[in-house]
Amino acid sequence: MKIAVAKYPVGCPADFAAFAARQREVLGQAAAAGARIAVLPEYLSLELAATLGRPVFSDLAASLAGTQRYRRDWLALFDGLARELDMHIVAGSFLLDTGNGRYRNRSDWFTPAGTHGWQDKLQLTGFEAATGLIDGGDLLKVFDVDGIRAGVAICYDSEFPLPVRAQYEAGARLLVVPSCTDTAAGATRVRVGCLARALENRMFVAQAVTTGLAQWSPALDINTGEAAIFAPMDAGFPAEGVLAQTRDKQLWAMAELDFGAFADNRARSQVANDRDWMRQLRPSLVRARRSGFD
């Protein structure tokens with residue numbers, strides 16, 4: 001299975017038609033290269049706030065409220081592209097109104113068969129919590145995708161091992177991570193989280209990122225990081241754990257994912273974090289106690 005993850009330059013579309021044309025162009029490139037899954041970045045829907053004028057796009061609350069008018073068009077656009085391109089599309093994330101002026105950061109997964117699933121972001125960053133507008137999700141999912149199972153961890157969620165472990169235990173061997181970070185430290189944290197989840201669970205982790213400046217938006221202002229596809233750092237996989245990564249202005253990182261390689265890796269592995277996971281949960285290890293020196 002070939003997967004593509006985007007290093008997506010944030011734009012400033014004039015209207016929804018311009019936004020849709022750009023999605024068709026960039027996703028068409030991934031499909032032409034043979035990708036079966038294409039992953040776009042977190043907060044993609046906020047690009048649509050640019051279509052609503054300065055009084056809206058310069059204010060986060062107004063942006064979140066204003067972009068709701070595009071929800072049906074968003075669903076129709078990516079549903080149509082998934083069918084047309086015969087490709088699974090993880091459409092970054094859409095800040096979705098759940099009532100009473102509250103929003104959830106939702107990642108939509110569209111299939112070539114015309115079906116649709118979603119995963120909400122579970123953990124709020126300091127920025128998201130400070131807005132007073134966004135709630136964390138409360139449901140964790142895995143999806144059946146062409147004979148394998150996959151989960152979604154939106155940006156900060158990739159830094160938490162236990163929910164991803166639950167997805168692994170439900171059969172996920174691929175984790176997709178739509179992300180958006182505005183500092184080098186933030187980009188490093190998500191990248192390290194992705195590498196750690198690949199190591200712990202013997203799974204592939206595919207991270208999409210935003211890039212460039214969008215000073216018109218209070219949420220999309222500065223964007224940094226590289227899109228990458230990660231694997232366990234063990235026998236049969238790259239020593240640094242990186243199967244593919246964007247460079248400079250490269251739009252897509254792509255890799256062929258061989259899920260059968262996990263069985264061979266397990267047989268020859270130097271370590272087996274997934275198999276040894278339960279050892280850390282022994283009663284004598286779940287709490288540390290203060291001890292003196294003899």
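Heads up: the structure comes first, above all this text.
For the structure given in this document, a descriptive report is provided here. (Residues numbered from 1 in each chain as written. Predicted model: local features only at pLDDT ≥ 70, side-chain atom pairs only at ≥ 80, totals over all residues. Heavy atoms only, no water.)

### What about the side chain of Asn265?
Line of reasoning, step 1. Considering the arrangement of structural elements, one finds Asn265 in helix 8 (residues 261–268).
Line of reasoning, step 2. Judged by relative accessible area, Asn265 falls into the buried class, the value being 1%.
Line of reasoning, step 3. In terms of polar contacts, Asn265 uses its side chain to reach the backbone carbonyl oxygen of Ala235, at 2.6 Å.
Line of reasoning, step 4. With residues up to four places along the chain from it excluded, the contact list for Asn265 reads Arg202, Asp234, Ala235 and Phe237. (Helix = DSSP H or I, 4+ residues; strand = E, 2+ residues; numbered from the N terminus. Buried < 20%, exposed > 50% of the residue type's maximum accessible area, 1.4 Å probe, protein only. Polar contact = N/O pair within 3.5 Å; in protein donor to acceptor, adjacent residues only side chain to side chain. Contact = heavy atoms within 4.5 Å.)

### Some remarks on the pattern of salt bridges
Line of reasoning, step 1. Scanning the model with the defined rule gives 20 salt bridges in all.
Line of reasoning, step 2. Residue Lys121 is joined to Glu42 by a salt bridge in which the shortest nitrogen-to-oxygen separation is 2.8 Å. Placement of Lys121 in the loop between strand 6 (116–120) and helix 5 (126–131) and of Glu42 in the loop between strand 2 (37–39) and helix 2 (54–57) is noted, with a sequence separation of 79 residues between them. There is no split in this pair, since Lys121 and Glu42 are both buried.
Line of reasoning, step 3. A salt bridge links Arg104 to Asp120; the shortest N-O distance between them is 3.6 Å. (Salt bridge = Lys/Arg side-chain N within 4 Å of Asp/Glu carboxyl O.)

### What to know about the pairing of strand 5 (residues 102–110)
Line of reasoning, step 1. With respect to burial, strand 5 is a largely interior element, 8 of its 9 residues being buried.
Line of reasoning, step 2. Pairing of strand 3 (residues 88–90) with strand 5 involves 2 bridges; the strand directions are antiparallel. Each residue of the ladder has a partner; that of Val90, found in strand 5, is Trp109.
Line of reasoning, step 3. Relative to strand 5, strand 4 (residues 94–99) runs antiparallel, the two sharing 5 bridges. (Pairing = 2+ DSSP bridges.)

### With respect to the side chain of Thr67
Line of reasoning, step 1. Its place among the elements puts Thr67 in helix 3 (residues 60–67).
Line of reasoning, step 2. Beyond its immediate sequence surroundings of up to four residues, Thr67 is in contact with Ser45, Leu48, Ala49, Leu52 and Phe94.

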